[in-house]
Each structure stands twice: as structure tokens, then as C-alpha cells.
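Residue-level structural notes
Chain by chain, the residues:
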Amino acid sequence: MTALTFVATVPRGFADLLAAEITALGGGSVREAAGGVSFEGPLATGYRVLLESRLASRVLLQLARARVHDAQQLYDFVRSIDWREHLDARGTLACGFSGRHPAIANTHFGALKVKDAIVDQLREFTRQRPSIDTRRPDLTVQAHAARGEVALCIDLAGESLSRRGYRLQGGEAPLRENLAAGILVRAGWPAIAAAGGGFLDPMCGSGTFVIEAAWMAAGIAPGLLRQWWGFTGWRGHDAKLWDEVVEAARARARKLEVSVRGADRNRAAIATAQANARRAGIADAVTFERCDIAALAPPAAEAPPGLLCVNPPYGERIGGGEEAAAAHRAIGEALRGPFAAWHAVVLTGEPALGQLIGVEASRVHTVFNGPIQCRLLRFAPGQRRARREARPGIVIDDASIAQSPGARMFANRLKKNLVRLGRRARREGVTCWRMYDADMPEYALAVDLYTGAGPDEGRRWLYVQEYAPPASIDPAAARPARGGALWGVPGATAWPFGDIPL
Ligand SMILES: C[S@@+](CC[C@H](N)C(=O)[O-])C[C@H]1O[C@@H](n2cnc3c(N)ncnc32)[C@H](O)[C@@H]1O
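Residues numbered from 1 in each chain as written. Predicted model: local features only at pLDDT ≥ 70, side-chain atom pairs only at ≥ 80, totals over all residues. Heavy atoms only, no water.

**Here we look at the sheet that holds strand S15 (residues 372-379)**
If you trace the seven strands from one edge of the open sheet to the other, you get S11-S10-S9-S12-S13-S15-S14, paired in mixed fashion. Looking at which strands have only one partner, the edges of the open sheet turn out to be strand S11 (287-290) and strand S14 (363-369). Averaged over all adjacent pairs, the angle separating strand axes in this sheet is 20°, with direction ignored. Both strand S13 (residues 343-348) and S15 contribute to a ladder of five bridges, which runs antiparallel. Among the inter-strand pairings, Ala344 is bridged to a residue of S15, identified as Phe379. (Pairing = 2+ DSSP bridges. Helix = DSSP H or I, 4+ residues; strand = E, 2+ residues; numbered from the N terminus. Axes fitted to C-alpha atoms, helices over the stretch in contact; angles between N-to-C directions.)

**Re the site of the ligand**
With respect to spatial proximity, 20 residues lie near the ligand, and among them Leu175, Ser206, Thr208, Asp264 and Ile293 are the closest. For the ligand, an oxygen atom lies 2.7 Å from a polar atom in the side chain of Thr208. Here a nitrogen atom of the ligand and a backbone polar atom of Ile293 are 3.1 Å apart. The fraction of the free accessible surface of the ligand (610 Å²) that becomes covered by protein chains is 95%. Looking at the shell around the ligand residue by residue, the classes come out as eleven nonpolar, five polar and four charged. (Near = heavy atom within 4 Å. Polar contact = N/O pair within 3.5 Å; in protein donor to acceptor, adjacent residues only side chain to side chain. Areas by Shrake-Rupley, 256 points an atom, 1.4 Å probe, with all protein chains shown as cover. Nonpolar A, V, L, I, M, F, W, Y, C, P; charged D, E, K, R; others polar.)

**Here we look at the packing of helix H2 (residues 43-52) against helix H8 (residues 239-252)**
In contact at an axis separation of 10 Å, H2 and H8 are set at 45° when each is read in the N-to-C sense. Overall, the two elements H2 and H8 adopt an arrangement that is oblique. Considering the relative orientation of H2 and H8, their crossing is right-handed. Mapping the contact onto sequence places Leu43, Ala44, Tyr47, Arg48, Leu51 and Glu52 in H2 and Leu241, Trp242, Val245, Val246, Ala249 and Arg252 in H8. Classifying every residue of the contact of H2 with H8 by side-chain character gives nine nonpolar, no polar and three charged. (Parallel < 35°, antiparallel > 145°, perpendicular 65-115°, else oblique. Left-handed = near helix turned anticlockwise from the far one by under 90°. Contact = heavy atoms within 4.5 Å.)

**Comments concerning the pattern of salt bridges**
For side chains bearing opposite charge, pairing can occur when the charged atoms are close. Scanning the entire structure with this criterion turns up 22 salt bridges. In this structure, the salt-bridge partner of Glu159 is Arg163, at a minimum N-O distance of 3.7 Å. On the basis of relative accessibility, which here comes to 18%, the residue Glu159 falls in the buried class. With a closest N to O distance of 3.8 Å, Asp292 and Arg265 form a salt bridge. Here Arg265 lies in the loop between strand S10 (260-264) and helix H9 (267-279) and Asp292 lies in the loop between S11 and strand S12 (307-310), a separation of 27 residues in the sequence. Judged by its relative accessible area of 33%, Asp292 is partly exposed. Note on Arg265: relative accessible area 49%, which makes it partly exposed. Counted as one network, the salt bridges with shared partners bring together Arg48, Glu52 and Arg252. (Salt bridge = Lys/Arg side-chain N within 4 Å of Asp/Glu carboxyl O. Buried < 20%, exposed > 50% of the residue type's maximum accessible area, 1.4 Å probe, protein only.)

**Regarding the packing of aromatic side chains**
As enumerated under the stated definition, the model contains ten aromatic pairs in all. On the basis of an interplanar angle of 80° and a centroid distance of 4.9 Å, the ring pair of Phe410 and Tyr436 is categorised as edge-to-face. Here Tyr436 lies in strand S16 (residues 433-437) and Phe410 lies in helix H13 (residues 405-428), a separation of 26 residues in the sequence. The two residues Phe410 and Tyr436 agree in class, both being buried. By way of ring pairs, the aromatic residues Tyr47, Trp229, Phe231 and Trp242 are connected into one cluster. Positioned above the aromatic ring of Phe368, the side-chain terminus of Arg12 is 3.8 Å from the ring centre. (Phe/Tyr/Trp six-rings, centres within 6.5 Å; stacked < 30°, edge-to-face > 60°. Lys NZ or Arg CZ within 6 Å of the ring centre and 35° of its normal.)

**Looking at the packing of helix H5 (residues 177-186) against helix H7 (residues 208-217)**
Packing of H5 against H7 brings their axes to within 9 Å, and their N-to-C directions diverge by 60°. Crossing geometry of H5 relative to H7 is assigned as right-handed. Each of Glu177, Ala180, Ala181, Ile183, Leu184 and Val185 in H5 lies in contact with H7, whose residues at this interface are Thr208, Phe209, Glu212, Ala213 and Met216. Of the residues in the contact of H5 with H7, the class split is eight nonpolar, one polar and two charged.

**Regarding the side chain of Gln62**
Tracing the chain through its elements places Gln62 in strand S4 (residues 58-67). Residue class for Gln62 comes out buried when judged on its relative accessible area of 17%. What Gln62 contacts, discounting residues up to four positions off in sequence, is Thr5, Phe6, Val7, Ala151, Leu152 and Cys153.

**Quick notes on the sheet that holds strand S18 (residues 460-466)**
Spatially, S16-S17-S18 is the arrangement adopted by the three strands of the open sheet, whose pairing is antiparallel. Strands with a single pairing partner mark the edges of an open sheet, and in this sheet they are S16 and S18. On average, adjacent strands in this sheet sit at an angle of 20° to one another, irrespective of strand direction. The sheet contact formed by S16 and strand S17 (residues 445-451) spans four bridges and is antiparallel. Bridging from a neighbouring strand, Tyr436 pairs with Val447 of S17. Across the sheet, H13 touches S16 and S17, and the angle it forms with S16 is around 155°.

What is shown is where atoms sit, not what they do.
If you want it as C-alpha cells, here you go:
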């Protein structure tokens, strides 16, 4: 069987998990690459990854790669491939160009060159030309440039694999399905479920985590509902082989043996989640209830610890400000209270909101929900050490002050100082230094960095002190400014709040 080369793309921060998943699905020579994972295998393996990968966004078949120096060489390279093997000349075509190339700065121009080369070649051989269809073409050709080389690929997925087909309508801020699946894998859900632990998303919105968790625990392949694929009109598609891969995946599905629940206080969200679960074919196996997180507890008879997985509202999406702060505090209460013995994972948009959970995370990962940089906070069972609380009287629980122009200026100043002064400190071998010293009068703080030695080697602390505001500053105005600044410190420095004595 011919070994083909495939490239699977994945949300940032999950390439390691995708590589492990592809290996388990039979991929060979699996390698993490920028933005994805490359692997080798016969077409059947590519089909299996398309159908069964829970993390991949797309799977591309790489036809060739070459070093090209300019647009003409790109055109010649694309034209050197026999496109009659891939596309009927009367078919439809879409082309894309991504990555960076010193001589092809404009990706639209790059895509146009790729399209021209394919169309010109087919016209020369067949006297017919394919038409362009950017919605659901017979063939999508994607060129990707990196380090002067261009890889030419066929997009076998066609549209993002996150579109499983169960979610016609999202809730107010739905998560992409493959991102939700990645978070579940990162949180160890497959092992927790295998040990008999249950699952709960107490703020489930449209039910994405619940459905992905149920599918994962029941071995239901995520692509089974999809009606259209990028390979549907591809001449190299092997329909019989695909049917075999689909049948084998169907045969692997099993009964859901563990409790999988979702809850949300919003009635419309619960209705959407139920409709999505029906389309996903698991409405009878999972439960949804409309209630506040404060009313929830693990099932009484449950022995092994389960997983609480939640994506509370946060500033940049729905419910910024006080609602987001209240939701994070309520999660903290659940983690310290009825769910103390459970594993937990919280996806939050703002580091400062994460602080309001008030529990020390055992691991923190940076992930991207679309363009939004988020933190994934993981909490091990039983490890519910309360975080250091801020000094009473310091305003740190109003997320809106972190958005004030002044607080942003403060955070930017801190970032700049960290880079500029940090460079100098490294050059001069200084390990303890002041990164901010009331540079802005309304933010009358001193921020010092200390580097540990001896048993604390490798650890670093920020120490934040407050000056009395200068006479020129109204004390009433200084108070929220101080709060905004404190919100800004962890974000600007990427420092865990617990390592910032106040
Ligand atoms: C960001 S959305 C969750 C989106 C979800 N992950 C999805 O993919 O659709 C946050 C949800 O939290 C719910 N929520 C906020 N505070 C809550 C509380 N105290 N108890 C229960 N649900 C709450 C909101 O109604 C909203 O549906």
C-alpha cells in the first residue's frame, strides 16, 4: 500500500494531544509541525483520522513540496502536477495560500497563482476548465509556505472538522467542538470515564462539553453525522474504502456506562443543549437540568471521582463584568464544597477572573478560543488549597476596572518595562530588580522581581507595594486605579497571582 503524507491542523496548544491521537489511530512517522501534525500512512489511515480524530480541525493530503523563489516558480511547481488525477476538468475548484513567503507576501495573490496553474493545465489537456466554487468545491487545493518551501495539499475535510453536524444553533458563546474535545482529553476525561467517574458541566450553554464527553466515553466517532467532505468530489476518493472505515467506526461505538450531565441556569441554553444532544443521538444517555451551579452535587452513589468541566462567561464574550466574576466565584465554591473530591478544569478568558475561583490550580495551560487567549486551569481532586486572598480593602473583584484605559496603559507599561529592563538585568546578571516604580502617578505602586536561589532556584516572585498617592491625585480616584493595576499585573507579566505578594 502506498504511504501518503498527511497534515492535520489543530487548535493552538493541542498538537501534542493530536499527535498521540493520530498514533493511536494508526498514523506512522507522526511529527508535530507548526500549527499541526504530519503523519504517513495509506489512504485508509487518512480516512480514519478524518472520521475519528476529535482534535483535528482539518486533514490535508500533501501532494508535493518544493523550494520556490518567486511567484513564477510557484506557478511552474503547481503546474508540474497532473491535476487530471484529482479533478474532472468540468468540476469545481477552490484554492488557498497560507503561511509566509518572502516573495509572495499577499496570500490572495499566492492563491490566484495556484488556481491559474491548475486551470491552465487542465485547459491545455482537456480544453475545458473547472469553475471556481468557494463554498463546496469538488477540490480544495491549499498551498502552505514556510522557510521558502511550499507544500501543496488537498483539503480532505473541506470544512472544519469541528463542525460535527449536531450543532445547528450554538448558545450565546459556544466553544468549537474540537477545542472542547481537546480540553476534555487534556483534563484526562477518557481515563476518568474508564475508571467509572461521571461528568458534569455546570454551565453547559449549548452542551458542547457534555456531547463531546458522551461521544468520547461511548467511542462514537465525531465525523459520523457529517454529510459533506472535501474528498467527495476528489477523483482520488475511494468510496468503497471510505464505507469500510465508516462501518468499522460504527461497530466500535458502545453504550455510555457513566453519568454525563449538563446544567445551566438559562432556560434557552438548556433547550438548545437538548436539541443538540438529540441530533448527536445521545439525548437518552445524558441529562440536562436547568439550575444554578450552587444547587448541584455529585451523584450520591458515585465512588470514583468524576470530572467537572466548565467554560464560565468571561469578559470578551458573554457576561463580562459582574456576571463573569460571580460565575467564577460560584465555581470556586463548588470546587471547595461538593466537588472537592472531583477533578476539575475551567476555561477562563481572563487571568484575573481565574483568581476569583480562589483555589490554587494544579496546572495552567494557555489555549486559544478562536482569537481569544484563554487559560485552562486544572484542579486535582482533593487539592483545594485556597489562594492567597488580596488585602481587604483593595478592589480586585470588579473586572470592568481592568478594562479601563488607565489600567490598560499600566499593563502596557509593565510589559514594556519587563522586556526592556529584563534584557538589561539578564545582560548584567542582576536577579532582583524593580520593574515598575510609580512610573504613572495615578498607579503609585512599586513592582519588584525576585529570583530564588538554593532550594528555590528557578522560582521567581513579584512583590507589589503601594505608595501613598501623591497629593496631586484624588485618593478616591486612586482606589479603583489601584484595583485596575492589580488586575493588570498577572496579565501583563503572565505571573500566577499566588506568586504576587501584595
Ligand atoms: C460561555 S457560556 C458556556 C458555553 C458552552 N461551553 C457552549 O459551548 O455552549 C456560559 C454559560 O454559563 C451559564 N451560567 C452563568 N452563570 C451560571 C450559574 N451561576 N449557574 C449556572 N449557569 C450559569 C450561562 O447561562 C451560559 O450559558
